[in-house]
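# Descriptive analysis of the structure
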There are 2 protein chains.
Amino acid sequence: MKYCHHCAAELIHKIPEGDDKLRHCCDACDTIFYQNPNNVVGTLPYYGDKVLLCKRAIEPRLGKWTLPAGFMELGETLGEGAARETTEEAGAQFELQGLFSVLNVARVGQVHFFFLAELTSDQFAPGHETMEARLFEEHEIPWDELAFRTVKETLRAFFADRQAGEFGLHQMDIHH
Amino acid sequence: MKYCHHCAAELIHKIPEGDDKLRHCCDACDTIFYQNPNNVVGTLPYYGDKVLLCKRAIEPRLGKWTLPAGFMELGETLGEGAARETTEEAGAQFELQGLFSVLNVARVGQVHFFFLAELTSDQFAPGHETMEARLFEEHEIPWDELAFRTVKETLRAFFADRQAGEFGLHQMDIHH
């Protein structure tokens, strides 16, 4: 960040009055540009004993398997964003259920949220970000070919809860 | 947003290739400036039968009562942000507990998160954003003088859960 979004003046890196952190500030038009964490929202879609994974057709992690998820957009709720991503990436039909995992990835300034989603069909229509969308039984999950650590932890928690017979809310901090 | 943060060229409002939403784009240096929702993180601090509220010394809602909360910062987890705000705004001593409420305020592009926090002292040292920090019993809560709807809903859920004898996770969408 070098120039002001509003007036194109050069930005200054300083601690504004009443604050205690360095911010990008414009002294010409008196604006502070805060940078804040982003939310990634998605679902864990299941159909009987199987779960849906999508093979990524885009970078990063092209060719790796993921749960449908992406950046939350302005104007939507966490659940609306999770449902939108599931439709966009998998073309799945589902009923959105409760919040299942909340994973802090502080290193990259993100929080990931996954909701459970019960699939009402085993037919999919993957969007352009997805090479293939298919159902996996637990023993078929490509654990070494998963795109993201938050996906792996969410799947682990799902199978553990299923075995225990009860689904809870899982909160985790991902450090690497 | 009129000018590019990186090269100061004029931004164009267009739908980038492979996207379906209007974004602020710089054709000079090929950058897309996404705007995403922000997280507000805070706590519901309690001490025996009482809860801690802070009287705001800053706009918006100067003079109204709130739970300690503020924007999540880069590099921290939801819980770390909630704890930081509780220290900054109330100077409270506490043990952070579980996530208690998640409130979508899509109209303003925010999600609010409140954690329970058990106070280990009834002494406070409010920061410059707070005029007064004090404990309230349920019947003393200034319901008509609360700063934000998400604070009101979180307090309501807390007292209802306490009466029921069990604390759950509360998810709500705030529409007005």
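Residues numbered from 1 in each chain as written. Chains lettered and ligands numbered in written order. Predicted model: local features only at pLDDT ≥ 70, side-chain atom pairs only at ≥ 80, totals over all residues. Heavy atoms only, no water.

Moving on, we get to the pairing of strand 9 (residues 110–119) of chain B. All names here are of chain B. The element strand 9 is extensively covered by neighbouring structure, given that 9 of its 10 residues are classed as buried. Of the strand pairs in this sheet, strand 4 (residues 38–47) and strand 9 are connected by 9 bridges, and their pairing is parallel. Residue Asn39 lies in a different strand from strand 9, and its bridge partner there is Val111. Here strand 8 (residues 94–105) pairs with strand 9 via 9 bridges, running antiparallel. (Buried < 20%, exposed > 50% of the residue type's maximum accessible area, 1.4 Å probe, protein only. Helix = DSSP H or I, 4+ residues; strand = E, 2+ residues; numbered from the N terminus. Pairing = 2+ DSSP bridges.)

It is worth spelling out helix 2 (residues 149–164) of chain B at this point. Along an α-helix, residues three or four apart share an orientation, since each turn contains 3.6 residues. All names here are of chain B. For helix 2, spanning 16 residues, the distance from its first C-alpha to its last is 23 Å, which sits close to the expected 22 Å at 1.5 Å a residue. Taken together, the buried positions of helix 2 are occupied by Thr150, Val151, Glu153, Thr154, Leu155, Ala157, Phe158, Phe159 and Asp161. Of the surrounding secondary structure, the elements contacted by the buried residues of helix 2 are strand 4, strand 5 (50–56), strand 6 (65–66), strand 8, strand 9 and strand 11 (170–173). Just beyond helix 2, the residue with positive phi is Gly165, at close to 85°. (Expected span 1.5 Å × (residues − 1). Contact = heavy atoms within 4.5 Å.)

All right, on to the relation of the copies chain B and chain A then. Mapping chain B onto chain A is achieved by rotating through 180° and translating by 0.0 Å along the same axis, at an RMSD of 0.0 Å. Both chain copies can therefore be described as sitting about a two-fold axis. With an isologous cut-off of 70% or more, the 100% of interface residues of chain B that recur at the interface of chain A puts this contact in the isologous class. (Least-squares fit on C-alpha atoms with pLDDT ≥ 70 in both.)

All right, on to the interface of chain B and chain A then. Buried accessible area, meaning the area lost when the parts come together, often serves as the stated size of an interface. Taken together, the 41 residues of chain B in the interface contact 41 residues of chain A. Where chain B abuts chain A, roughly 3300 Å² becomes buried across the two surfaces, and 56% of that area is made up of carbon and sulfur atoms. Three residues, B:His5, B:Pro37 and B:Leu74, lead the burial of chain B against chain A; their summed loss comes to 20% of the area buried on that side. Viewed at the interface, chain A and chain B are joined by 3 salt bridges. Applying the counting criterion to the chain B and chain A interface returns 14 residue pairs in polar contact (both at pLDDT 80 or more). (Buried area = accessible area lost by both parts, 1.4 Å probe. Salt bridge = Lys/Arg side-chain N within 4 Å of Asp/Glu carboxyl O. Polar contact = N/O pair within 3.5 Å; in protein donor to acceptor, adjacent residues only side chain to side chain.)

All names here are of chain A. Pairing is antiparallel across the open sheet formed by 3 strands, whose spatial order is 1-2-3. Sheet topology places strand 1 (12–14) and strand 3 (31–33) at the edges, where each strand pairs with a single neighbour. Strand after strand, the sheet turns through a mean of 40° between neighbouring axes, direction not considered. Note: strand 2 (residues 23–26) against strand 3, 3 bridges, orientation antiparallel. Note on strand 3: the bridge partner recorded for Cys26 is Thr31. (Axes fitted to C-alpha atoms, helices over the stretch in contact; angles between N-to-C directions.)

What follows covers the pairing of strand 5 (residues 50–56) of chain A. Side-chain positions along a regular strand alternate between the two faces of the sheet. All names here are of chain A. Buried residues dominate strand 5, accounting for 5 of its 7 residues. Bridge analysis of strand 4 (residues 38–47) against strand 5 gives 2 bridges, and the strand direction is antiparallel. When the bridges of strand 5 are listed, Tyr46 appears paired with Val51. What sits between the antiparallel neighbours strand 4 and strand 5 is a turn of 2 residues, in which Gly48 has the positive phi angle 60°. Pairing geometry for strand 5 and strand 10 (residues 130–136), over 6 bridges, is antiparallel. The residue bridging Arg56 from the neighbouring strand is Thr130, located in strand 10. Alignment of strand 5 against strand 6 (residues 65–66), held across 2 bridges, turns out to be antiparallel. Looking across to strand 6, one finds that Lys55 is bridged to Trp65.

What follows concerns empty space enclosed by the protein. Residues and elements named next belong to chain A. Enumeration over the complete set of coordinates arrives at 1 cavity of 30 Å³ or more. Quantified by volume, the largest cavity comes out at close to 40 Å³. Forming the walls of the largest cavity are Arg56, Ile58, Thr66, Glu89, Glu129 and Thr130. Broken down by class, the residue content of the lining of the largest cavity amounts to 1 nonpolar, 2 polar and 3 charged. (1 Å grid on protein atoms, 1.4 Å probe; cavity = no way out; pocket = protein on both sides within 12 Å on 5 of 7 lines; lining within 4 Å. Points joined across faces, edges and corners; volume = space filled by probe spheres on them. Nonpolar A, V, L, I, M, F, W, Y, C, P; charged D, E, K, R; others polar.)

What follows is about the packing of aromatic side chains. All names here are of chain A. Evaluation of the coordinates by the stated rule reveals 15 aromatic pairs over all chains. A centroid spacing of 5.4 Å and a plane angle of 70° characterise the contact between Phe158 and Phe159, whose relative ring orientation is edge-to-face. For Phe158, a relative accessible area of 1% translates into the label buried. Owing to a relative accessible area of 4%, Phe159 belongs among the buried residues under this scheme. Aromatic rings pair up to connect Tyr46, Phe100, Trp143, Phe158, Phe159 and Phe167 into one cluster. Across from the ring centre of Phe136, 3.9 Å away, lies the NZ or CZ of Arg134, which sits over that ring. (Phe/Tyr/Trp six-rings, centres within 6.5 Å; stacked < 30°, edge-to-face > 60°. Lys NZ or Arg CZ within 6 Å of the ring centre and 35° of its normal.)

Note that all results are geometric; they support no functional claim without further evidence.
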